[in-house]
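Architecture and fold: a report
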Amino acid sequence: MGEVVHTSRSRIVRQEGPTRRARIEGFDGDVFYGVHGGIANFYQVKPKEEHPATLDHIVTAVAS
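This paragraph deals with the pairing of strand β2 (residues 19-24). As paired strands, strand β1 (residues 10-16) and β2 are joined by 6 bridges and run antiparallel to one another. Paired with Glu16 across the bridge in β2 is Thr19. The antiparallel hairpin formed by β1 and β2 contains 2 residues in its connecting segment, where Gly17 sits at a positive phi of about 55°. Two elements, β2 and strand β3 (residues 31-33), share 3 bridges in a ladder whose sense is antiparallel. Residue Arg20 lies in a different strand from β3, and its bridge partner there is Tyr33. Between β2 and β3, which pair antiparallel and follow one another directly, the connecting turn spans 6 residues, one of which, Gly26, has a positive phi of 95°.

Spelled out as structure tokens, the structure:
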């Protein structure tokens, strides 16, 4: 196995319904995850506020 160059540490806490708040070590502020648009419709969920889904962040990271 090669040398480990970075270990990501974060904590995710469910806020309410599908909304989750993440704290990522080394960064100020929170990152919010949730549902929106077609995802909310598919799961028949009406969040108080729409947030990107975890899938949105994964796709964005891979596409970069």
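Here the focus is the packing of aromatic side chains. Two numbers describe a pair of aromatic rings. These are the distance of the centres and the angle of the planes. Enumeration according to the criterion identifies 1 aromatic pair in this entry. Taking 4.9 Å as the distance between ring centres and 90° as the angle between the ring planes, the aromatic pair formed by Phe42 and Tyr43 counts as edge-to-face. Both residues of the pair, Phe42 and Tyr43, count as exposed.

Basis of the calculations
Residues numbered from 1 in each chain as written. Predicted model: local features only at pLDDT ≥ 70, side-chain atom pairs only at ≥ 80, totals over all residues. Heavy atoms only, no water. Pairing = 2+ DSSP bridges. Helix = DSSP H or I, 4+ residues; strand = E, 2+ residues; numbered from the N terminus. Phe/Tyr/Trp six-rings, centres within 6.5 Å; stacked < 30°, edge-to-face > 60°. Buried < 20%, exposed > 50% of the residue type's maximum accessible area, 1.4 Å probe, protein only.

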